[in-house]
Structure formats: structure tokens, C-alpha cells
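Coordinate inspection notes
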Amino acid sequence: MEKLEIFLLEETMGVVPEYWGLNQFANFNYSNVMKSLYLYDFPNAWKEGELKKKICTIGANDYFNKWTSEEFLVIEDSGLNGIFSLANEELVKGSIVNGKRTGIPLFGGNHQLLFYNKKLVNQVPETMQDLIAIAESVKKKKKLEFLDQSSYYTDYGFVFPTGACYFILPFLYGYGANLWSNSQIPISEDSLYKTICFLRELIYERKVAPIKWEQAESIECFTKGNAAYCIGGDWNIKEFDMATDSNLGICKIPKLERECRSTANASYLFVSKYIKEELHKNIREFCKLFLGQDIQASIIRNLYRMPAARNFSIDKNNFDEKLLKSYEVYKRAFIMPPKKEVTHMYHVLADLLEPNVLIRDNPEELTKKVILHLNDVESYYKNNLLKM
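Everything numeric here is computed off the predicted structure, so don't read it as measured data. Each residue is numbered by its place in its chain's sequence as written, counting from 1. Where totals are concerned, whole chains, interfaces and linings use all residues; where local detail is concerned, this predicted model gives features only for residues with pLDDT of at least 70, and gives and counts side-chain atom pairs only at 80 or more. In computing side-chain properties, one takes all heavy atoms of the structure into account and sets aside hydrogens as well as water.

Observations concerning helix H11 (residues 321-332)
Secondary structure is summarised from DSSP: a helix means a run of H or I of at least four residues, a strand means a run of E of at least two, and numbering begins at the N terminus for each. Helix span, expected: 1.5 Å multiplied by one less than the number of residues in the helix. Spanning 12 residues, H11 covers 17 Å between terminal C-alpha atoms, matching the ideal 16 Å at 1.5 Å per step. Exposure categories follow from relative accessible area, calculated using a 1.4 Å probe and restricted to protein chains: below 20% of the type maximum is buried, above 50% is exposed, and the middle band is partly exposed. Buried residues of H11: Lys-322, Leu-323, Ser-326, Val-329 and Tyr-330, and no others. For H11, the buried positions fall inside an angular range of 125° around the axis, keeping them on one side. For H11, the exposed residues lying more than 90 degrees away from the buried face are Glu-321 and Lys-331. The backbone nitrogen of Lys-322 lies 3.2 Å from a side-chain oxygen of the residue at the head of H11, namely Asp-320. Taking the helix axis as origin, the arc is that swept by the directions to the C-beta atoms. Here a polar contact is recorded for every N or O atom pair within 3.5 Å, except that within protein the pair must consist of a potential hydrogen donor and a potential acceptor, and residues adjacent in sequence are included only if both atoms are side-chain atoms.

So, in C-alpha cells, the structure goes:
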């Protein structure tokens with residue numbers, strides 16, 4: 001029997017799907033980092049004529065616009081439309097493009113969290129200034145211990161992936177950006193200016209946080225016990241808990257001018273618009289199994305992700321404290337829509353976080369430049385998207 005070929009990041013689910021009986025319907029092709037998936041693995045697979053007829057991907061709602069925005073099937077207009085009856089309605093809404101449902105949610109989450117190592121600190125900071133002060137105090141106290149390890153990690157009391165724009169979204173919200181959570185301007189000039197000033201101070205002036213760290217560097221620093229706090233996501237919970245010998249604390253991102261509300265998403269199944277008709281059965285059976293009670297419960301217990309099945313509720317008596325703390329943040333989080341403007345924003349903010357860009361111009365000039373780029377969505381889609 002022919003199978004689907006699903007491309008995804010390894011960190012999305014690890015390799016556990018292969019132990020859930022899902023590999024009877026699909027082969028899983030893993031990329032270790034987003035850059036590989038985005039620039040090489042998926043585009044190279046897409047060039048293969050026959051593979052194009054089997055290909056799917058699992059990822060956040062902006063995947064529909066990630067490449068040329070012409071790869072994937074609009075599920076609502078296909079014979080697969082009935083699958084939506086299995087899924088959480090709010091998460092389904094998160095895949096609406098041009099009024100049509102495009103992706104099938106498999107599980108929710110992807111929200112930013114603040115982690116802390118209870119071996120080093122047991123304080124939950126209320127504000128970002130509290131976080132910086134506590135982290136700096138812990139750093140000084142632990143300096144001698146850090147000197148026995150790589151000096152690469154001795155300078156930071158708390159870490160986050162300063163080169164990954166997804167982790168600065170709560171800061172933008174904390175300074176007043178609405179980020180498509182309502183009908184008002186998503187990113188105002190004032191909120192962007194204040195975020196740029198905050199990041200300049202944090203990274204370049206006070207050197208509280210490192211320059212352009214990716215997730216791998218932040219994860220390594222925190223898991224080795226060389227940072228008391230780390231901003232990450234729900235996908236880090238299992239690894240961080242193991243690294244801290246179950247001494248992991250979880251809380252919301254501390255506030256700035258207002259709460260630093262997290263964004264969330266779901267991991268959606270997107271299907272090639274060239275998919276073979278005979279593989280529709282595989283897709284239906286795959287989703288039926290994935291959105292069943294057993295796998296949804298496994299997703300929560302094993303991966304600390306959130307359910308996507310319709311009418312699945314989290315019983316607080318059946319899950320541990322880490323899951324429940326994450327769930328508290330998730331309930332306050334919001335899903336940004338899969339608009340081209342959102343995908344474009346990620347690319348613009350990624351450029352902003354390149355080394356020394358934050359300090360190349362004064363904050364006022366830099367803010368105006370970034371706003372111009374944010375408003376020029378179509379030029380990106382005309383000039384910079386991969387030609388496949």
C-alpha cells in the first residue's frame with residue numbers, strides 16, 4: 001500500500017508517531033532544524049514529480065504560506081472536509097486562509113513559557129525587571145561553579161533564543177502590540193520602538209542576554225545548569241524536566257508595560273494539492289487515529305502538548321503540575337491567523353535579530369525602517385520566496 005510522505009521538524013513530535021501505529025499510513029521524514037526543512041528538505045522533495053503526489057507536512061498554521069503559498073490543498077474544498085468534525089473548532093479556525101479551512105489540527109500548544117531550574121532558584125518573577133535582577137543575583141552567586149565549565153556559558157543568568165523571532169512576540173505584546181489578537185493595528189510604531197530599545201539594552205548594552213542564540217544554544221545552556229531561567233516553549237518541557245531531575249518550574253513570561261501574553265498555535269496537517277485520490281483514505285484514517293482519545297492523551301502525557309480533538313477536556317486529576325502550569329499559560333494565549341502578513345513579519349523580525357542590526361541605527365530610525373518592511377508584504381512574496 002502506498003503511504004503518505006510527511007515532512008516535519010523532529011522537535012515537533014520526536015519520533016513517537018512511529019510507535020502509535022501511524023506509520024501504517026505514512027512515512028515520516030524529519031528535519032533537525034527549521035532552516036533545513038524550509039530551505040532544503042521540503043523544497044527538494046517538492047521537485048520530485050511523483051513525491052509531490054504523496055507529500056504532506058505537519059507544522060504551524062503559517063506553513064500554508066511558508067513556501068510559495070500554492071503547494072497545499074484547501075481541505076474545505078476537498079473530499080476530506082469531513083475530517084474537521086473530529087477537531088477542536090477554535091484550532092480549526094486557526095487554519096482559515098481567505099475564508100477557507102486549509103489545515104487539519106492534530107494537537108495544540110507551541111506557546112512561549114518561562115522555565116526555571118528549582119535547584120538554582122525558586123522565585124517566580126512578576127516583571128521582566130524582576131527576572132533580570134533575580135537572574136543576575138543567581139549568576140553572581142554561582143559564578144565560581146560556572147567557571148569549572150565552558151566559559152561560553154558563564155555570562156548569562158537567564159537565556160532565550162535571541163536569534164529566533166518567535167520568542168520576542170510576548171515582548172511586543174507586553175509593549176502594546178496586538179499581534180492580530182484583535183482588529184486593531186497588529187504592531188504599532190510605539191510598541192516596536194520600545195521592544196527594540198528593550199532588546200538593545202538586554203543584549204548589547206547590559207549584556208544580560210547573548211547575541212543571536214538559536215534554540216540549540218539556549219537549550220544546552222539551561223540543561224547543563226548554567227542558567228537559572230530560560231524562555232522556551234512547551235516542546236521543551238520533557239527535555240528540561242529530565243535535565244533538572246524533575247526540578248523544573250514553569251510560569252508565564254513576566255510582564256513589561258502589560259502582560260507578555262504568549263502566542264499559541266497548533267500543529268496542522270497540510271496536504272499537497274497534487275495528492276493522489278487513492279491516498280485520501282490514508283489521510284482520513286491517519287487523522288481518525290491521531291485525533292482519537294488514546295493518541296491525544298499520549299500527546300499530552302508524553303509531549304506536554306495540548307489536545308486538538310473535539311470535546312477533549314483536560315482533567316486536572318490526571319495530569320502533572322508541569323502540564324497544568326503550561327495549560328494555564330496556553331488558556332491565555334492566542335493564535336495568530338495564517339495571513340501572509342504574519343509569515344512576512346517572521347522574516348522581517350528574523351532580519352532584525354541578526355548580529356548588530358539592533359545597534360546599526362538609532363532606535364527611531366530602525367523602527368521606521370522595520371515598519372516600512374512590515375508594510376511591504378507583497379515584495380517579499382514576489383522577490384524572496386523559494387522558486388520551486
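Side note on the packing of aromatic side chains
Any Phe, Tyr or Trp ring, taking Trp's six-membered ring, that has another such ring centre within 6.5 Å forms a pair; planes under 30 degrees apart are called stacked, those over 60 apart edge-to-face, and the others tilted. Counted by the stated rule, this structure contains 29 aromatic pairs. Each ring, one from Phe-28 and one from Tyr-30, has its centre 6.3 Å from the other, and the planes form 15°; the classification is stacked. By relative accessible area, which is 24% here, Tyr-30 ends up partly exposed. Both rings, one in Tyr-166 and one in Trp-235, keep their centres 6.4 Å apart while their planes meet at 45°; by these two values the pair is tilted. Taken as a pair, Tyr-166 in the loop between strand E8 (158-159) and helix H5 (169-174) and Trp-235 in the loop between strand E9 (229-233) and helix H8 (237-243) lie far apart in primary sequence, 69 residues in all. Summarising the burial analysis for this pair, Tyr-166 and Trp-235 share the class buried. Here the aromatic residues Phe-7, Tyr-38, Phe-42, Trp-46, Tyr-63, Phe-64, Trp-67, Phe-72, Tyr-268, Phe-270 and Tyr-274 are joined through ring pairs into a cluster of three or more. The rule for a charge over a ring is simple: NZ of Lys or CZ of Arg within 6 Å of the ring centre, and within 35 degrees of the ring normal. Sitting above the plane of the Tyr-173 ring, Arg-258 keeps its charged end 3.8 Å from the centroid.

Points about unusual backbone geometry
Positioned with a positive phi, Tyr-304 is a non-glycine residue whose angle comes to about 60°. Mapped onto the secondary structure, Tyr-304 falls in the loop between helix H10 (293-303) and strand E12 (306-307). Since its relative accessible area comes to 9%, Tyr-304 is described here as buried. We note that Asn-311 has phi near 65°; this positive angle belongs to a residue other than glycine. Looking at where Asn-311 falls in the secondary structure, it is placed in the loop between E12 and H11. In this structure Asn-311 comes out as exposed when scored by relative accessible area, which is 75%.

Points about the nonpolar core
Nonpolar core, defined: a set of buried Ala, Val, Leu, Ile, Met, Phe, Trp, Tyr and Cys residues in which side-chain atoms within 4.5 Å join the residues together. Membership of the largest hydrophobic core comes to 78 residues, with the highest contact counts inside it found for Ile-6, Ile-104, Leu-269, Ile-283, Phe-286 and Phe-290. A per-element tally of this core places strand E11 (residues 263-271) first, with 6 residues. Working rule for contacts: check all heavy atoms of both residues, and any pair within 4.5 Å makes them a contact. Each residue touching Leu-269, except ones within four places of it in the same chain, is listed here: Ile-6, Cys-56, Thr-57, Ile-58, Gly-103, Ile-104, Leu-106, Ile-283, Phe-286 and Cys-287. Among the nonpolar cores identified, the runner-up in size contains 58 residues, and Val-121, Phe-198, Ala-209 and Ile-371 belong to it.

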